[in-house]
Amino acid sequence: MQLRIIITFITVLTAINHCYSQDKSSQKYSIEIKDMNHPESLDLKSLKSGKSNIYSSDFFNKDQKIQYSFTDQKLDYILSTLLKDTNTKFRKENGVHIVYSLKKYNVHGYIYEDVGKQRLPFATIFISETDQAFSSNEEGYYSIPLRAGKYSATISYLGHESKEIELSVFQN
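Conventions we followed
Residues numbered from 1 in each chain as written. Predicted model: local features only at pLDDT ≥ 70, side-chain atom pairs only at ≥ 80, totals over all residues. Heavy atoms only, no water. Pairing = 2+ DSSP bridges. Helix = DSSP H or I, 4+ residues; strand = E, 2+ residues; numbered from the N terminus. Axes fitted to C-alpha atoms, helices over the stretch in contact; angles between N-to-C directions. Salt bridge = Lys/Arg side-chain N within 4 Å of Asp/Glu carboxyl O. Buried < 20%, exposed > 50% of the residue type's maximum accessible area, 1.4 Å probe, protein only. Contact = heavy atoms within 4.5 Å.

(A) Up close: the sheet that holds strand β7 (residues 124-127). If you trace the four strands from one edge of the open sheet to the other, you get β8-β7-β10-β11, paired in antiparallel fashion. Of all the strands in the sheet, just β8 (132-135) and β11 (163-169) have a single pairing partner and so form its edges. Averaged over all neighbouring strand pairs, the angle between strand axes comes to 30°, with direction disregarded. Bridge analysis of strand β10 (residues 149-156) against β11 gives seven bridges, and the strand direction is antiparallel. Within the sheet, the bridge partner assigned to T154 lies in β11 and is E164.

Dropping the structure here:
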């Protein structure tokens, strides 16, 4: 009996949340942006609409000031306009706008042993977020194109223990 009540309660909450999300997405907003950089304008959009944004301020030129005036516009239009010419796009997930970079950076270098510092030829680098693997060349050199963001990389080499590292990619 108690399990049925909990399931029913969760179902009702899900239905209410779904209706609320649909209502909010069709709402229109008026926002005035004067001499703000992109992160400031995204924060203002969040404040006015109550909808969160997830982004890295590293995606934008902080010195570039923008000016827009939106009257009775949907959030998707406002966000698309704010992000034009920034090499970024957005997607919606669970009521949150996630801004991501379209620019790819080249992460490169050499893979070395922890002990002895010998270069490791033909080592494998697996990036879990992209589900892609790359190999170093015969001199241990690697080059990986990645969009701005944070990644987990697993480096493996025959006869050595695999090592997991974190990559923060925001420039070459």
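(B) Layout of the pattern of salt bridges. Scanning the model with the defined rule gives three salt bridges in all. In this structure, D76 and K92 form a salt bridge, with 3.0 Å as the shortest nitrogen-oxygen distance. Note that D76 is positioned in helix α3 (residues 75-83) and K92 in strand β4 (residues 88-93), a separation of 16 residues in sequence. Judged by relative accessible area, K92 falls into the partly exposed class, the value being 46%. Taking the shortest distance from any N to any O, the salt bridge between D114 and K163 comes out at 3.3 Å. Within this pair, whereas D114 is found in the loop between β6 (104-110) and β7, its partner K163 is found in strand β11, the two being separated by 49 residues in sequence. Accessibility expressed as a relative area gives 56% for D114, which makes it exposed.

(C) Examining α3 more closely. Within the sequence span of α3, burial applies to L75, I78, L79, T81, L82 and L83. Buried residues along α3 sit in contact with β1 (28-36), α2 (38-49), β2 (53-54), β3 (66-74), β4 and β5 (96-101). Once α3 ends, the next one or two residues include D85, with phi positive near 65°.

(D) Molecular detail of the sheet that holds β5. Taken in spatial order, the three strands line up as β2-β5-β4 in an open sheet, and their pairing is mixed. At either end of the open sheet lies a strand with only one pairing partner, and these are β2 and β4. Judged from the six bridges that link them, β4 and β5 form a sheet pairing that is antiparallel. Across the sheet, the residue bridging to F90 is V99, located in β5. Its contacts with the sheet put α3 on β2, β4 and β5, and the angle it makes with β4 is roughly 155°.

(E) Summary view of the pairing of β7. Residues I125 and I127 point to one face of β7 and are all buried, whereas T124 and F126, pointing to the other face, are not buried. Relative to β8, β7 is paired through four bridges, and the arrangement is antiparallel. Opposite I125, over in β8, you have F134 as the bridge partner. Taking the residues between adjacent antiparallel strands as the criterion, β7 and β8 are bridged by four residues, where D131 takes a positive phi near 55°. Of the pairings in the sheet, the one linking β7 to β10 comprises four bridges and is antiparallel in character. Across the sheet, T124 pairs through a bridge with S156, a residue of β10.

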